[in-house]
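Below are the chains, spelled out letter by letter.
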Amino acid sequence: MGDSKTILKTVWHGNTKGNGSIQVNDIKTNIAIPTDLGGNGEGAEPKGLLVSSAAACYTMNLVAMLETKKLPVAGFTMNSESINSKEKGFKIIHYPCITLSTDATEDQIQSANRTILSADKACFIGNMLKKADVQIDIEGKVSKG
C-alpha cells in the first residue's frame, strides 16, 4: 500500500472560551474546549473526536469483513464509550450489534461473532491507539431479525 495523505483545515476564533471548526474531505464539525477545562463546550472535544475515529475505523473494517464472508446482515448499529481513569488509563469500549436475516444459520451467527473480534485486530486506528496504551474492548451482540 502506498503513502496516503490527509489534509485537515482547522480554524479557531477567540480565546479558550471561543470555538472553531475542523474540516477534512466532506466532513466539517465544530470544535470547542470542554466546559470542565474552561471552554464553552459548544463543539466536539478531542476525546470525542478520537473515539469517533476509532469507531469509524472499526465499523468500516467490520462491514467490509461481513460483506467478504457474505453474511446476511439485515442491520448494524454500534455505541462506543470512553473511560479515562488515573488508575487504568484511557479505555474505549465498542458495542457492535449485528442483526442477521431471520433465516441465518447457526454457523453464520458464529461467523459474525468471530468477525466482531477480527475487525478489531484489523483496525489501523485502533492498533495505533493500542500502541499508545489505550485499551480497546469489544462487547458485541449478534441476533436474528
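Going by the structure above, here's the rest.
Note that this is a predicted model, so its numbers are computed, not measured. (Residues numbered from 1 in each chain as written. Predicted model: local features only at pLDDT ≥ 70, side-chain atom pairs only at ≥ 80, totals over all residues. Heavy atoms only, no water.)

S.K.: So, the side chain of His-94: which residues are in play, and what are the values?
M.R.: For His-94, the position within the fold is in strand 5 (residues 89-100). You can call His-94 buried: its relative accessible area is 1%. Beyond its immediate chain neighbours, meaning those up to four positions away, His-94 contacts Ala-54, Ala-55, Tyr-58, Met-78, Asn-79, Ser-80, Ile-136, Asp-137, Ile-138 and Glu-139. (Helix = DSSP H or I, 4+ residues; strand = E, 2+ residues; numbered from the N terminus. Buried < 20%, exposed > 50% of the residue type's maximum accessible area, 1.4 Å probe, protein only. Contact = heavy atoms within 4.5 Å.)

S.K.: Give a description of the packing of helix 2 (residues 106-122) against helix 3 (residues 124-131) that names residues and reports values.
M.R.: Interaxial distance between helix 2 and helix 3 falls to 6 Å at its minimum, and their mutual angle equals 65°. By the angle between their directions, the pair helix 2 and helix 3 is classed as roughly perpendicular. Along the contact surface, helix 2 presents Asp-120, Lys-121 and Ala-122, while helix 3 presents Phe-124, Asn-127 and Lys-130. Here the residues of the contact of helix 2 with helix 3 sort into two nonpolar, one polar and three charged. (Axes fitted to C-alpha atoms, helices over the stretch in contact; angles between N-to-C directions. Parallel < 35°, antiparallel > 145°, perpendicular 65-115°, else oblique. Nonpolar A, V, L, I, M, F, W, Y, C, P; charged D, E, K, R; others polar.)

S.K.: I'd like a rundown of the pairing of strand 3 (residues 27-31), residues and numbers included.
M.R.: In the sheet, strand 2 (residues 19-24) pairs with strand 3 via five bridges, with the strands oriented antiparallel. Each residue of the ladder has a partner; that of Gln-23, found in strand 3, is Lys-28. Where strand 2 hands over to strand 3, the hairpin turn is made up of two residues, of which Asn-25 adopts a positive phi near 50°. (Pairing = 2+ DSSP bridges.)

S.K.: How would you explain the layout of surface pockets if you had to name every residue and give the values?
M.R.: Taken as a whole, the largest pocket encloses approximately 770 Å³ of empty space. The wall of the largest pocket is formed by 18 residues, among which Thr-6, Val-24, Ser-53, Ala-56 and Ile-125 lie closest to the centre. Going through the elements one at a time, strand 2, strand 3, helix 1 (46-68) and helix 3 are the ones with two or more residues in the lining of the largest pocket. Ranked by the residues each element gives to the lining of the largest pocket, the list is headed by helix 1, at eight residues. Here the lining of the largest pocket is composed, by residue class, of twelve nonpolar, six polar and no charged. (1 Å grid on protein atoms, 1.4 Å probe; cavity = no way out; pocket = protein on both sides within 12 Å on 5 of 7 lines; lining within 4 Å. Points joined across faces, edges and corners; volume = space filled by probe spheres on them.)

S.K.: Provide a residue-level description of unusual backbone geometry, including the pertinent values.
M.R.: Non-glycine residue Asn-25 carries a positive phi angle of around 50°. On the secondary structure map, Asn-25 appears in the loop between strand 2 and strand 3. Relative accessible area serves as the criterion here: at 68%, Asn-25 is assigned to the exposed category. A positive phi angle, near 55°, is found at Lys-70, a position not held by glycine. Relative to the elements of secondary structure, Lys-70 occurs in the loop between helix 1 and strand 4 (73-85).

S.K.: Outline the environment of Leu-37, supporting the account with residue identities and numerical values.
M.R.: Structurally, the position occupied by Leu-37 is in the loop between strand 3 and helix 1. The exposure class assigned to Leu-37 is exposed, which follows from its relative accessible area of 64%. Expressed as a C-alpha distance, the spacing of Leu-37 and Lys-130, which sit 93 residues apart in the sequence, is 26 Å.

S.K.: Quick rundown of the nonpolar core? Include the residues and the values.
M.R.: Soluble, globular proteins show a tendency: their nonpolar side chains are buried together. Judged by nonpolar contacts, the single largest core of 24 residues is most densely connected at Tyr-58, Leu-62, Ile-92, Ile-98, Leu-100, Ile-116 and Val-142. If you list the elements that add at least two residues to this core, you get helix 1, strand 5, helix 2 and strand 6 (135-138). At seven residues, the largest contribution of residues to this core is made by helix 1. (Core = buried A, V, L, I, M, F, W, Y, C linked by side-chain atoms within 4.5 Å.)

What is shown is where atoms sit, not what they do.
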